[in-house]
Amino acid sequence: MAIGWMTVLQNVPWTDVVRNAPKVAAGAKKLWQSARASGFAGAVPVAEPEAGDSPTVMDPLAQLQAQVRELQVEVGDSAQRLQESSELINTLAEQNSQLVASVQALNRRVAWLSALAVLLGTATALLYCR
C-alpha cells in the first residue's frame with residue numbers, strides 16, 4: 001500500500017486515454033454489431049442420443065456421436081461466453097466515452113477557473129498596490 005491512488009492516477013497517460021477513447025468506442029460498437037449480426041448465441045444445435053444407443057457397449061460410431069454431442073455443447077457454451085464478453089466490452093466502451101466527455105468538461109471548467117483566479121489575483125494586486 002506504499003503507492004497512493006494519486007500516484008497511480010498521475011502515472012496514467014490521460015492524454016492518450018482521451019485521444020484513443022473514440023477509437024475504443026468505435027471498435028467495441030463494431031464488435032457488438034458483428035456479434036449480434038452473427039447470432040451465434042445458441043446457434044449450435046445439440047444432437048440427442050438415439051433410442052438404440054447402448055450406454056455400456058459403444059461402437060466407434062456411437063463414440064464419435066457422443067464426442068460430437070459434447071463438442072456441440074462446448075461450442076454453444078463458448079458462443080454464449082463470447083456473446084456476454086462482447087456485451088461487456090460494449091458497455092465498458094460506452095462508459096469510457098462518458099468518462100472522457102466528463103474529463104473534457106472538467107478540463108474546460110478548470111481552465112475557466114484558472115483564468116478567473118488569475119484575473120481576481122491581478123485585480124486584488126492592483127487594488128492593494130494603490
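About the criteria used
- Position numbers for residues start from 1 in each chain and track the written sequence from start to end.
- For this predicted model, a pLDDT threshold of at least 70 governs which residues receive local features, and a threshold of 80 or more governs which side-chain atom pairs are given and counted, while totals over whole chains, interfaces and linings are taken from all residues.
- Side-chain figures throughout are based on the complete set of non-hydrogen atoms in the structure, without hydrogens or water.
- Starting at the N terminus, helices and strands are each numbered in turn, a helix being any DSSP run of H or I of at least four residues and a strand any DSSP run of E of at least two.
- Contacts are residue-level and defined by heavy atoms, with any inter-residue pair within 4.5 Å sufficient.
- For every accessible area listed, the method is Shrake-Rupley and the probe measures 1.4 Å; residues are considered covered only by the protein chains on display.
- Relative accessibility decides the category of a residue: with a 1.4 Å probe and only protein chains considered, values under 20% of the type maximum give buried, values over 50% give exposed, and everything between is partly exposed.
- For a helix, the expected span equals 1.5 Å multiplied by the number of residues minus one.
- Note that patches include only residues with greater than 30% relative accessible area and no salt bridge, and the join distances are 9 Å for like charges and 5 Å for nonpolar side chains (Val, Leu, Ile, Met, Phe, Trp, Tyr).
- Salt-bridge detection follows one rule: a side-chain nitrogen of Lys or Arg within 4 Å of a carboxyl oxygen of Asp or Glu.
- Known as pLDDT, the predictor's confidence for each residue is given on a scale from 0 to 100.

**So, the overall build of the protein**
Of the regular secondary structure elements, the protein holds three helices and zero strands. Helices (α) and strands (β) of the protein occur, in sequence order from the N terminus, as α-α-α. Of all intrachain contacts in the protein linking residues separated by at least 6 positions in sequence, the fraction that spans at least 24 positions is 83%. As displayed, the protein offers around 10,500 Å² of accessible surface, 64% of which is attributable to carbon and sulfur atoms.

**Thoughts on the environment of Ile89**
Along the chain, Ile89 turns up in helix 3 (residues 60–129). Given a relative accessible area of 39%, Ile89 falls into the partly exposed group. Between the C-alpha atoms of Ile89 and Ala25, which are 64 residues apart in sequence, the distance is 9.1 Å. If we ignore the near neighbours within four places in the chain, the residues touching Ile89 are Ala28 and Leu31.

**Quick word on helix 3**
If you check helix 3, its first and last C-alpha atoms are 100 Å apart, about what 70 residues at 1.5 Å a residue would give, namely 104 Å. Along helix 3, the residues that are buried comprise Ala62, Ala66, Arg69, Gln72, Gly76, Ala79, Gln83, Ser86, Asn90, Ala93, Asn96 and Val100.

**Quick word on the side chain of Asn96**
With respect to the element layout, Asn96 can be found in helix 3. Since its relative accessible area comes to 18%, Asn96 is described here as buried. Among all residues touching Asn96, those that are not within four sequence positions of it are Val17, Ala21 and Val24.

**Notes on a nonpolar patch on the surface**
Together, Leu113, Leu116 and Leu120 give the surface a local cluster of nonpolar side chains, amounting to about 300 Å² of exposed area. Relative to the helices and strands, Leu113 resides in helix 3.

**Details of the environment of Asn20**
In this structure, Asn20 sits in helix 2 (residues 14–38). It is 9.9 Å that separates the C-alpha atoms of Asn20 and Ser97, two residues lying 77 residues apart in sequence.

**A word on the confidence of the model for the protein**
Averaged over the protein, the pLDDT score is 78; the fraction of residues at 70 or greater is 77%. Put simply, helix 1 (residues 5–10) is where the protein has its lowest mean pLDDT, 67, and helix 3 is where it has its highest, 89.

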